[in-house]
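As a plain string of letters, each chain reads:
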Amino acid sequence: MQNNHKTSFSESYKRNYKFKYKTPISEGHKPIINDPKEPKFDYLLVDETSGNKIKFNDVDYIKRKRNKMIDNFFNVYNEKKYTLIESSFPDTKSFPLNLVIQGIKQKCINTLFSVLGYIWIIDVGDNNKRHFHLVLAYEKIDVKNQSLPKFLKYKFKKNKIYSSFINNPDAFKTYLKKKKVYERGFRKRTYNKSIKYKTII
């Protein structure tokens, strides 16, 4: 990301910056599924008072919005009265995301441990396999030996879903924010969150 006068992308939103124009930078490029996204446009913002400029591309913007979502989630559920669990499963027809989340939420409601909120992002492993990182927040769950209780061992149509406690939220937040933005397909989201973040009063 390029900028003048050491103005960061994030800082530009706190100042009097106005959109000037966008410039195509990869016309004719055909996205490759599972590859990191290639920027399609450069954007220019100008502070009309100082004349300072900031330039960024569309992938910068996507990553910034995704990472802001990640920060907000971990800020809401950063207290000791919450438990965070990370689940990982492939982005395939065998694991439709909406149905997987719906199944997890229903199972937890039946055991009186409702999901308070969640986020997910797309990642691609060394084997070029696309998968979800799903982070779920619950009320504090006291367990022995840090092993998942049975009601938190998720499955979807008998397919096991890997899950574990997040013991170091700051480290895991950093891990997620460092992820690249990958191609998933036309109009398919690469991150999202629950509509609401419920908190304990």
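Read on for a plain summary of the structure.

Reading the values: the criteria
Residues numbered from 1 in each chain as written. Predicted model: local features only at pLDDT ≥ 70, side-chain atom pairs only at ≥ 80, totals over all residues. Heavy atoms only, no water. Phe/Tyr/Trp six-rings, centres within 6.5 Å; stacked < 30°, edge-to-face > 60°. Helix = DSSP H or I, 4+ residues; strand = E, 2+ residues; numbered from the N terminus. Buried < 20%, exposed > 50% of the residue type's maximum accessible area, 1.4 Å probe, protein only. Salt bridge = Lys/Arg side-chain N within 4 Å of Asp/Glu carboxyl O. Polar contact = N/O pair within 3.5 Å; in protein donor to acceptor, adjacent residues only side chain to side chain. Contact = heavy atoms within 4.5 Å.

Some thoughts on the packing of aromatic side chains
Each pair of aromatic rings is reported with the distance of its centres and the angle of its planes. The full count for this structure, using the stated rule, is eleven aromatic pairs. With centroids separated by 5.6 Å and ring planes inclined at 20 degrees, the aromatic side chains of Tyr43 and Phe56 adopt a geometry described as stacked. A residue pair is termed long-range when its members are at least 10 positions apart, and Tyr43 in strand β3 (residues 41–47) and Phe56 in strand β4 (residues 53–57) qualify at 13 residues. Arranged with centres 5.4 Å apart and planes meeting at 85 degrees, the rings of Trp120 and Phe132 form a pair that is edge-to-face. Of this pair, Trp120 sits in strand β6 (residues 117–124) while Phe132 sits in strand β7 (residues 130–139), and the two are twelve residues apart along the sequence. On the basis of relative accessible area, Trp120 is assigned to the buried category, the value being 6%. According to the relative accessible area criterion, Phe132 is buried, its value standing at 0%.

Quick word on the pattern of salt bridges
Taken as a whole and judged by the stated rule, the model has eight salt bridges. Where Lys81 meets Glu79, a salt bridge forms, and the shortest distance between an N and an O atom there is 3.6 Å. Look at Lys81 and you get partly exposed, because its relative accessible area is 31%. Two residues, Asp91 and Arg184, come together in a salt bridge whose shortest N-O distance is 2.8 Å. Separated by 93 residues along the polypeptide, Asp91 in the loop between β5 (82–90) and α3 (97–110) and Arg184 in the loop between α4 (169–177) and β11 (191–193) bring together distant segments of the chain. Of the two residues, Asp91 and Arg184, neither departs from the other in class, the shared state being buried. Through salt bridges with shared partners, one network takes in Asp71, Lys173 and Lys177.

Observations concerning the side chain of His133
On the secondary structure map, His133 appears in strand β7. At a separation of 3.2 Å, a polar atom in the side chain of His133 contacts the side chain of Asp123. Residues within four places of His133 in sequence aside, it is in contact with Glu86, Ser87, Ser88, Ile119, Trp120, Ile121, Asp123, Tyr175, Leu176 and Lys179.

Read these as layout, nothing more, since geometry by itself doesn't imply function.
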